[in-house]
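Observations on the model geometry
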Amino acid sequence: VVFESLGRLYTMPAGGGAVRRLTDADDGMELYPSWSRDGSRIVYVRWTDSDLGQIRAVGVNGRGDRAVTTRPGHYSRPVFSPDGSTIVFERGSGGYLTAPEYSDDPGVYRIPASGGAQTLVTRSMGDPHFGASSDRIFMTGSDGGAQQLVSTDLNGEAMRVHAKGDLVTGYRVSPSGKFFAFTENYDAFAMPLMPGGQAVSISAGTKALPV
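These notes cover the structure that comes with them. (Residues numbered from 1 in each chain as written. Predicted model: local features only at pLDDT ≥ 70, side-chain atom pairs only at ≥ 80, totals over all residues. Heavy atoms only, no water.)

Remarks on the sheet that holds strand 2 (residues 8–11)
Spelled out, the test is: Two strands qualify as a pair provided that DSSP identifies no fewer than 2 bridges between them. Every helix listed is a DSSP run of H or I at least four residues long, and every strand listed is a run of E at least two residues long, numbered separately from the N terminus.
Taken in spatial order, the three strands make up an open sheet running 1-2-3, and their pairing is antiparallel. The open sheet has two edge strands with one neighbour each: strand 1 (2–5) and strand 3 (20–21). Judged from the two bridges that link them, strand 2 and strand 3 form a sheet pairing that is antiparallel. The residue bridging Thr11 from the neighbouring strand is Arg20, located in strand 3.

Set out below in structure tokens:
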């Protein structure tokens, strides 16, 4: 597992064992770590008040730490695609406690894992991640106050709404693409992800599908 504690990233065996600092950087904060599917790399956000946010990728052994983004920003939740070629992330706005610079055009973006231009996916959703394939991005949207599980292609088009729930606060699709988890009233539930684009109304008490 990889986790953040007091602005530093650490790894440890999932079955228990020694905790190891992931990087040796002594400046800024390290946040939002996420594994590549092959377990070889970790993508994360480094933040300093002087240079703002930067998306970085590092080997699981702490080697090869490098910047993916060149533009400073207010980045969060970076995630690798299953094939490791793309990183999706949220780009937010500053102000209040953080610097207001580089706050233009917030939304969900993608960038090649090797670095390059940032491409806007959507301005209206968040929490981007992938299921089994690298050509569709799952995100959380909202409609009339109900949280929706939505997917689009890499350009934010061909949108499908897969599930919606009035009390749902978040979604996560499994790596196999066959199931998804959702949170409701501080509890987590899992259920099958139905194929196609027909939205399924869900809750902890849903009877039409096993929850």
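Brief notes about the side chain of Asp127
For clarity, the threshold we go by: By the criterion applied in these results, polar contacts are pairs of N or O atoms within 3.5 Å in which, for protein atoms, one can donate a hydrogen and the other can accept it, and in which residues neighboring in sequence qualify only through two side-chain atoms. Residues count as neighbours in contact if any of their non-hydrogen atoms are within 4.5 Å of one another.
Mapped onto the fold, Asp127 is located in strand 12 (residues 126–129). Looking at Asp127, its side chain comes within polar contact range of the side chain of Arg172, at 2.9 Å. For Asp127, the residues in contact, after removing those within four places along its chain, are Arg77, Glu90, Phe138, Met139, Thr140, Tyr171 and Arg172.

With respect to the pattern of salt bridges
For clarity, the cut-off: When a carboxyl oxygen of Asp or Glu is within 4 Å of a side-chain nitrogen of Lys or Arg, the pair counts as a salt bridge. Accessible area is worked out with a 1.4 Å probe on protein chains only. A residue is then buried under 20% of its type maximum, exposed over 50%, and partly exposed in between.
Enumeration over the complete set of coordinates arrives at eight salt bridges. Arg56 serves as the salt-bridge partner of Asp65, at 3.2 Å between the closest nitrogen and oxygen. Overall, Asp65 belongs to the partly exposed group, its relative accessible area being 26%. A salt bridge links Asp127 to Arg172; the shortest N-O distance between them is 2.9 Å. With Asp127 in strand 12 and Arg172 in strand 16 (residues 168–173), the pair connects residues that are 45 residues apart, well separated along the chain.

Some remarks on unusual backbone geometry
Although it is not a glycine, Leu6 adopts a positive phi angle of roughly 55°. The phi dihedral of Asn185 falls on the positive side, at around 50°, and the residue is not glycine. Tracing the chain through its elements places Asn185 in the loop between strand 17 (179–184) and strand 18 (187–192). Look at Asn185 and you get exposed, because its relative accessible area is 52%.

Side note on the pairing of strand 6 (residues 52–59)
Within a regular strand, side chains alternate between the sheet's two faces. Most of strand 6 is tucked away: seven of the eight residues are buried. Pairing of strand 5 (residues 41–48) with strand 6, which is carried by eight bridges, proceeds in the antiparallel orientation. Within the sheet, the bridge partner assigned to Trp47 lies in strand 6 and is Gly53. Linking strand 5 back to strand 6 in an antiparallel pair, the connection comprises three residues. Of the pairings in the sheet, the one linking strand 6 to strand 7 (residues 66–67) comprises two bridges and is antiparallel in character. Counted as the bridge partner of Ala57 is Arg66 from strand 7. The hairpin formed by strand 6 and strand 7 contains six residues between the paired strands, and Gly62 there has a positive phi angle of roughly 85°.

Comments concerning the sheet that holds strand 15 (residues 160–165)
Here we have five strands laid out as an open sheet, ordered 12-13-14-15-19, and mixed in their pairing. The sheet is open, and its two edges are formed by strand 12 and strand 19 (200–201), each paired on a single side.

Section: the packing of aromatic side chains
Heads up, the condition is: Aromatic rings from Phe, Tyr and Trp, taking only the six-membered ring of Trp, are treated as a pair when their centres fall within 6.5 Å; an angle between ring planes under 30 degrees marks them as stacked, one over 60 as edge-to-face, and anything in between as tilted.
For the coordinates displayed, the defined rule picks out six aromatic pairs. With 6.1 Å between their ring centres and 15° between their planes, Phe89 and Tyr109 make a pair best called stacked. Linking Phe89 in strand 9 (residues 86–91) with Tyr109 in strand 10 (residues 107–112), this pair joins segments that are 20 residues apart in sequence. Taking the relative accessible area as the measure of exposure, Phe89 reaches 0% and is therefore buried. According to the relative accessible area criterion, Tyr109 is buried, its value standing at 5%.

Quick notes on the environment of Ser34
If you trace the backbone, Ser34 turns up in strand 4 (residues 29–35). Looking at Ser34, the relative accessible area reads 16%, which means it is buried. The sequence separation of Ser34 and Ala57 amounts to 23 residues, and the corresponding C-alpha distance is 9.5 Å. The contacts of Ser34, once residues within four sequence positions are left out, are Arg41, Ile42, Val43, Pro78, Val79 and Phe80.

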